Amino acid sequence: MRTMIGALCTRIGAKGSGPGQFGGPHFVTAAADADVLLVTDYKNNRVHRLRHDGTFVATLSTGYVNVGGPLRNPYGVCVGPGAHEAYVADFGNKRIQVFSVESGTCVRSFGVPGLPTGVAVDGASRLLVADRLQGCVRALDASDGRQLAVIGRKGGADGELQSPLGVALDSACQLLYVADRGNRRVSVFRTVDGAFVRTIAAGLLDDAFDVALSPDDQTLAVSCVGAAAVQLWTTHGAPLGQLPSGQGADVASAEIGTDSGPRVADSGTRAMTARKRERGADSGPRQ
């Protein structure tokens, strides 16, 4: 048996620059303990705050007025403990901006080396930031951006990263999953010491862009830009199936909620979609 994502449940937003519209939805994250869904809009230089059902609430940044200055091509976004703060990888400005989820204003920002893409906060209040340029993940102090450790290094061998983009943590914040676009795989590391654990789908992920875990830590969803699909794997590397996005779609990011199948940020259709899970016979992912 495989877990297969089937029928389209909801389409959220449309192409445009108005409230709740997307110019280029890139990364999506949800807070499990609050009704908060955040989507970075790469082309409109802002972050949308939605409810879990897709209802538009507010814009965290218009891209013009905030403490850190305008966002420029935001990539990854994650929510800190209690869903009070959101961390945004300000890719074009090579920095992290931290926003109040409630007010939508920037409360602090700090520069980072390389090119920041995916972000995640672990249980020790460390901010894990993928560096696409230098092929590693940086562990930073979430309060001030001080570098505490570096996980991985640039290359193609086990434990090396070629172009890391999305990152995700298990529920215990013990394992870090990294979508490695350059090496077409997901690499797994221990957060406590940065040690390499295993590779998932080695060479099988066409333009791996983002990665997300199910709430039970059993299923991995990897958005593959080149395949225009979200591939599903067990966290130990067994294929489960895939979610096709449709003709002309450009899958950027996926997030698995507690109440649904993946929510997908689709830069091709300029919209968010949500799909439900169905059971079917195993046919494996597209490779």
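Residues numbered from 1 in each chain as written. Predicted model: local features only at pLDDT ≥ 70, side-chain atom pairs only at ≥ 80, totals over all residues. Heavy atoms only, no water.

Asker: An account of the overall build of the protein is needed here, citing residue identities and associated values.
Answerer: The helix and strand tally for the protein stands at zero helices and 26 strands. For the protein, with 287 residues in total, the buried portion stands at 59%. Restricting the contact set of the protein to residue pairs at least 6 apart, pairs at least 24 apart contribute 43%. Carbon and sulfur atoms provide 48% of the accessible area of the protein, an area that totals close to 11100 Å². (Helix = DSSP H or I, 4+ residues; strand = E, 2+ residues; numbered from the N terminus. Buried < 20%, exposed > 50% of the residue type's maximum accessible area, 1.4 Å probe, protein only. Contact = heavy atoms within 4.5 Å. Areas by Shrake-Rupley, 256 points an atom, 1.4 Å probe, with all protein chains shown as cover.)

Asker: Describe the sheet that holds strand β11 (residues 126-131), and please don't skip the residues or the numbers.
Answerer: With respect to topology, four strands assemble into an open sheet ordered β10-β11-β12-β13, the strand pairing being antiparallel. Two strands close off the open sheet at either side, each with one partner strand: β10 (116-121) and β13 (147-151). The average undirected angle you get between the axes of adjacent strands in this sheet is 25°. Of the pairings in the sheet, the one linking β10 to β11 comprises four bridges and is antiparallel in character. When the sheet's bridge partners are listed, V121 is paired in β11 with L127. (Pairing = 2+ DSSP bridges. Axes fitted to C-alpha atoms, helices over the stretch in contact; angles between N-to-C directions.)

Asker: Can you explain the confidence of the model for the protein? Please cite residues and give values.
Answerer: Detailed reading of predicted coordinates is not advised where the pLDDT is low. Mean pLDDT over the protein works out to 82, with 78% of the residues at or above the 70 mark. Low confidence marks residues 277-287, where pLDDT is under 50. Its contacts with residues over four positions away, or in another chain, come to 31 contacts. (pLDDT = per-residue confidence, 0-100.)

Asker: Please provide a residue-by-residue account of the pattern of salt bridges, values included.
Answerer: Here the idea is simple: oppositely charged side chains can pair when their charged atoms come close. Taken as a whole, this structure holds 11 salt bridges when the rule is applied. The closest approach of N and O atoms between R138 and D131, which form a salt bridge, is 3.0 Å. Here R138 matches D131 in class, with each residue buried. Note that R190 is salt-bridged to D193, the shortest N-O span being 2.4 Å. Residue classification places R190 among the partly exposed residues on the basis of a relative accessible area of 38%. The exposure class assigned to D193 is partly exposed, which follows from its relative accessible area of 47%. (Salt bridge = Lys/Arg side-chain N within 4 Å of Asp/Glu carboxyl O.)

Asker: Run through the sheet that holds strand β7 (residues 85-90), naming residues and quoting values.
Answerer: Across the sheet, four strands lie side by side as β6-β7-β8-β9; this open sheet has antiparallel pairing. Two strands in the sheet have a free side with no partner beyond their single neighbour: β6 (74-79) and β9 (106-111). Sheet twist, expressed as the average angle between the axes of neighbouring strands with direction ignored, equals 20°. Judged from the five bridges that link them, strand β8 (residues 95-100) and β9 form a sheet pairing that is antiparallel. Bridge pairing in β9 places R95 opposite G111.

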